[in-house]
Amino acid sequence: MTETNELKQLLDFAVDIARGAGAITSSYFKGSFVAERKTDNSFVTVADRDAERYLRARIVEAFPDDSILGEEEGEQSGKSNRRWILDPIDGTYSFVHGVPLYGVLIGVEINEAPVIGVVNLPALEEIVYAARGLGCYWNERRAGVSTTTSLDQALLLCSDFGACEQYGFGAAAASLQGQVQTSRTWGDAYGHVLVATGRADIMLDAVMNIWDCAPLLPILEEAGGTFTDWQGTPTIAGGNAIATNGLLFPEVMQTIKTTAQHR
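Residues numbered from 1 in each chain as written. Predicted model: local features only at pLDDT ≥ 70, side-chain atom pairs only at ≥ 80, totals over all residues. Heavy atoms only, no water.

Visitor: I tried to follow the sheet that holds strand 12 (residues 182-184) on my own but got confused; where do I start?
Guide: The pairing of strands in a sheet comes from backbone hydrogen bonds and takes either a parallel or an antiparallel form. Across the sheet, five strands lie side by side as 12-11-13-15-14; this open sheet has mixed pairing. On the outer flanks of this sheet lie strand 12 and strand 14 (226-228), each paired with one strand and no other. Taken pair by pair, the neighbouring strands of this sheet meet at an average axis angle of 15°, ignoring direction. Across three bridges, the pairing between strand 14 and strand 15 (residues 241-244) is antiparallel. Across the sheet, Thr 228 pairs through a bridge with Ile 242, a residue of strand 15. Packed on one face of the sheet, helix 6 (residues 188-196) meets strand 11 (155-158), strand 13 (202-205), strand 14 and strand 15 and runs near 155° to strand 13. (Pairing = 2+ DSSP bridges. Helix = DSSP H or I, 4+ residues; strand = E, 2+ residues; numbered from the N terminus. Axes fitted to C-alpha atoms, helices over the stretch in contact; angles between N-to-C directions. Contact = heavy atoms within 4.5 Å.)

Visitor: Hey, could you run me through the packing of aromatic side chains in this one?
Guide: Aromatic rings in a pair are described by how distant their centres are and how their planes are angled relative to each other. Under the criterion given, the structure shown has eight aromatic pairs. Note on Phe 13 and Phe 63: the rings are 5.2 Å apart at their centroids and 85° apart in plane angle, and the pair reads as edge-to-face. Here Phe 13 is found in helix 1 (residues 3-28), whereas its partner Phe 63 is found in the loop between helix 2 (46-62) and strand 3 (67-70), with 50 residues between them in sequence. Among the residues examined, Phe 63 registers a relative accessible area of 13% and is labelled buried. Their ring planes at 45° and their centres at 5.2 Å tell us that Phe 29 and Tyr 102 sit as a pair that is tilted. One end of the pair, Phe 29, is in the loop between helix 1 and strand 1 (36-37); the other, Tyr 102, is in the loop between helix 3 (92-96) and strand 6 (103-110), and 73 residues separate them in sequence. Comparing Phe 29 with Tyr 102 shows no difference in burial state: the two are buried. An aromatic cluster of three or more residues is present, and its members are Phe 13, Phe 63 and Trp 84. (Phe/Tyr/Trp six-rings, centres within 6.5 Å; stacked < 30°, edge-to-face > 60°. Buried < 20%, exposed > 50% of the residue type's maximum accessible area, 1.4 Å probe, protein only.)

Laid out in structure tokens, this is it:
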């Protein structure tokens, strides 16, 4: 099997199971369920657990030698060079409050490189997916970032501007807010998807886990944008993230560097 054929097969499978997990979450969304608090004070629900169990079962059945890392059930080691990284409900805070900006996230690494990403937003009936070298797609049509070239025309998003201050990025976030045309808090994976599909220009996240980032790097890069940590390094393990349309990346990084020097 060629590398391209392998990626296409894996991507098609990832899209299929993301839709399946999305259907599970939809059966609970706006319904009656108990939301519990985890040790980090974030929410978890039966929908998270059921969706992750479904994803794991499908992956084990189809690719029994692959490793799996999921937010709710941890790491399952495998024998192959592939690892599936799962977030059954990204944006659980939105989910438990009946807000439709949540998603099922699936990323695939091959030889530790993130090469496939799927974000299914079932309540919005949107799915965005990509594989290295195969492009990025939004509901089966090709997706791409915006053509905005200056910050004063840009739409800036952030999951939580207060968190930027808490994690030491407050000055940079405030400076960017002062330079852009508009800023909004359309957050979590949804904000990054908006950048990948050309509906926003910059997305900031002060704190991210690997399962939050895993699908977003290939999606943003295949859409023509960038997905990096706040140092400007393309990674899913940086602990934070910035997505841009690529054209604004130098200005964003310069702003961060300048504010860091003046701290």
